[in-house]
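One letter stands for each residue in the lines below.
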Amino acid sequence: MLKKILFASFIGIVIFSFLFVGILSEPEIRSAIISHLTNDLYRQALLSKDDYTRLLRQTSDRSVIQTIALKTASLSGSRVTIIANNGTVLGDSGTPLKDLPALENHADRPEIISASGKGAGKSVRHSHTLGKDLIYLAIPLRNNAGGIIGFLRFSIPISYASDLILRFYKPILIALVAAAALAVLFSFLFARFFYAPIERLVAVSAKIAQGEIPQTILHKSRFEVGILEEAVERMSRRLADNFNKLSDERGQMAAIISNMAEGVIAINSTGRIIAINPVMEKLFGQTMPEVAGKLAREGIRNNEITGLLEDALTAGRLLEKEIDLYVPSRKHFIAHAGPIRNAQNVIIGVVCVLYDITELKKLENYRSEFVANVSHELKTPLATIHSYVQTLAGGAINDPEHNLTFLEKIDKHVLSLAALIDDILEISQLESKEGLTPFSTFNIIETANHALDAVIERIEKKKISLKKEFASADLLVRGMEDHIYRAILNLLENAITYTPDGGSIAVSCMKQDNKALISVADTGIGIPDEHLPRIFERFYRVEQSRSRQMGGTGLGLAIVKHVMNIHNGTVTIESEVGKGSKFTLIFPA
Ligand SMILES: Nc1ncnc2c1ncn2[C@@H]1O[C@H](COP(=O)(O)OP(=O)(O)OP(=O)(O)O)[C@@H](O)[C@H]1O
Ligand SMILES: [Mg+2]
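In this text the structure is predicted, and so the values were computed from the model without any measurement.

Asks: Hey, could you go over the sheet that holds strand β9 (residues 330-341) for me, with residue numbers and the actual values?
Replies: Taken in spatial order, the five strands make up an open sheet running β7-β6-β10-β9-β8, and their pairing is antiparallel. At either end of the open sheet lies a strand with only one pairing partner, and these are β7 (273-276) and β8 (319-326). Strand-to-strand twist of the sheet, defined as the mean angle between neighbouring strand axes without regard to direction, takes the value 20°. Here β9 pairs with strand β10 (residues 347-356) via nine bridges, running antiparallel. What sits directly across from Ile 334, in β10, is Tyr 355. Against the sheet, helix α9 (residues 303-315) touches β6 (263-268), β8, β9 and β10, its axis set at about 165° to β8.

If you want it as structure tokens, here you go:
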């Protein structure tokens with residue numbers, strides 16, 4: 001397109017300048033030529049003046065005069081007219097002799113009028129006789145006394161002048177054609193040197209606009225366009241660098257946000273959602289494409305969060321709020337909403353991060369519950385010890401019948417306190433995983449036998465029958481033997497405690513699917529279904545008073561659960577009220 005415009009303007013300028021020169025100069029040239037022709041006619045008239053003066057003095061015979069006029073005309077190339085002083089045409093090379101008498105009187109012709117006054121008269125006008133435009137030059141012919149005896153008139157068609165003008169314009173026309181050819185050549189060269197690089201730049205810009213950023217522009221031209229090309233290439237390279245950097249950063253950002261364990265939502269300054277991460281999608285059952293561009297209130301229907309986002313937008317600072325969500329069970333979150341600012345520090349939106357603090361809260365509750373439980377468990381035996389001590393101090397120390405019994409009771413409570421503290425220490429050690437003994441490989445059948453040895457007296461005392469079903473080969477387990485020993489011991493103690501006299505206990509150590517299974521089954525009181533989910537909680541006892549009476553604090557199974565967790569194992573329970581319970585420890589292969 002530009003090429004065509006260039007070409008047309010070149011040609012246009014050439015044609016216009018020639019037309020301008022031609023049109024402006026034509027009247028000048030024409031008048032110069034006419035005055036030159038007039039002068040020529042004047043000279044011709046002067047040359048013939050004497051001959052015609054003589055002729056007119058001798059005769060006024062039209063046939064004689066016409067013959068001479070025709071002769072002069074053929075020699076000079078002009079029309080020759082001889083007019084008598086009264087205006088009658090006596091001879092005219094442009095008119096046949098026979099028609100001469102019929103010609104109008106010429107006395108009123110402008111050139112004749114002015115010739116009779118000034119000595120020469122000229123006029124440029126239309127000739128009715130010849131039917132064309134002519135240049136006339138007339139001079140008077142005088143007698144010896146100076147009186148006018150007639151007029152000699154020379155005339156030529158004005159078309160002579162036009163012919164001359166045309167002849168004059170011919171080289172101009174040739175120059176015009178040559179200039180036009182040069183214009184074509186120039187526009188071609190111009191296009192080649194200037195337009196082609198522009199075309200390339202246009203193509204490169206189009207690519208950049210489409211997001212396809214070329215790093216190099218191969219052809220580089222000279223002149224300023226080349227500088228422009230280099231500038232575009234530099235710009236394009238920087239654009240590509242920035243683009244890559246930006247998309248990398250964007251990708252990283254998106255990866256960070258989508259992999260965050262926290263829920264993230266961001267809105268722009270008009271309150272419309274610009275991003276939510278998968279955690280947030282899950283919390284509100286909405287996907288990013290569903291909520292993108294929606295007002296926060298429409299996208300995620302939670303007034304607390306949307307209110308916090310809006311407040312942070314107006315306040316322009318970080319706001320914090322604790323929020324409860326039912327997703328579907330109740331969960332606690334802490335929401336932080338802070339403004340997003342651009343490089344000019346203008347707020348362009350708000351980002352809100354939801355931290356799930358449900359576990360933290362649970363732990364907090366757990367801890368305070370634990371402290372309360374521990375204090376409670378410690379208080380009871382301490383109070384008992386205190387009362388025995390007071391009784392002894394109040395005089396019972398000298399009572400030989402009871403003083404020893406009191407001391408034994410104190411000792412029993414001290415021992416149970418010590419056992420309780422041991423359990424608490426073990427549980428906190430297992431929880432913190434600090435100061436644990438290293439793992440070793442051992443035969444768990446031996447461990448189970450040791451535990452049985454420790455309780456065999458109690459079993460016999462309660463007349464409980466014991467069934468042992470131990471694998472014949474060693475059953476190797478990798479772990480902390482002392483903790484596993486205490487876990488088995490606890491299961492045995494529970495079975496003994498909660499099985500009435502005369503019941504039976506079955507202990508088995510087997511290998512199944514490459515896993516080591518240790519189970520303790522009893523025919524005791526059993527555990528009601530509703531307690532099963534909580535049985536492994538610390539200090540949890542089915543019947544608080546009864547269990548405590550039996551000496552338990554409710555830490556045993558919590559320890560068992562922790563021990564199994566540390567060994568990547570599990571503990572299962574089957575129980576039926578009145579029939580008995582079966583606990584199984586499963587160690588991984
Ligand atoms: N074999 C069982 N038969 C019936 N109930 C049981 C049995 N084992 C445990 N329980 C119930 O589970 C509760 C928790 O047991 P756990 O071993 O944790 O505590 P505990 O035996 O009462 O006290 P601790 O073991 O700390 O001395 C017991 O109080 C009891 O109510
Ligand atoms: Mg126990």
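Moving on from the model shown.
Asks: Outline empty space enclosed by the protein, listing residues and values.
Replies: In this approach, a probe sized like a water molecule rolls over the atoms, and the result shows the empty space that is left. Applying the stated criterion across every chain yields a total of one cavity of 30 Å³ or more. Reported here for the largest cavity is a volume of approximately 50 Å³. Contributing to the lining of the largest cavity are Arg 79, His 106, Arg 109, Arg 125, Ser 127, His 128, Thr 129, Tyr 136 and Arg 153. Of the residues belonging to the lining of the largest cavity, the class tally is one nonpolar, four polar and four charged.

Asks: So what's going on with the layout of surface pockets? Which residues, and what values?
Replies: Taken as a whole, the second largest pocket spans an internal volume of roughly 620 Å³. Lining the second largest pocket are 19 residues, with Arg 250, Met 253, Ala 254, Ile 257 and Ala 275 sitting closest to its centre. Secondary structure elements with two or more residues in the lining of the second largest pocket: α5 (223-259), β6, β7 and β10. When residues of the lining of the second largest pocket are assigned to their parent elements, the largest contribution, eight residues, is made by α5. Tallied by class, residues from the lining of the second largest pocket come to 15 nonpolar, two polar and two charged. Residues from two domains meet in the lining of the second largest pocket; each of domain 2 (220-256) and domain 3 (260-355) gives at least three.

Criteria and cut-off values
- Residues numbered from 1 in each chain as written.
- Chains lettered and ligands numbered in written order.
- Predicted model: local features only at pLDDT ≥ 70, side-chain atom pairs only at ≥ 80, totals over all residues.
- Heavy atoms only, no water.
- Pairing = 2+ DSSP bridges.
- Helix = DSSP H or I, 4+ residues; strand = E, 2+ residues; numbered from the N terminus.
- Axes fitted to C-alpha atoms, helices over the stretch in contact; angles between N-to-C directions.
- Contact = heavy atoms within 4.5 Å.
- 1 Å grid on protein atoms, 1.4 Å probe; cavity = no way out; pocket = protein on both sides within 12 Å on 5 of 7 lines; lining within 4 Å.
- Points joined across faces, edges and corners; volume = space filled by probe spheres on them.
- Nonpolar A, V, L, I, M, F, W, Y, C, P; charged D, E, K, R; others polar.
- Domains from an automatic or database assignment.

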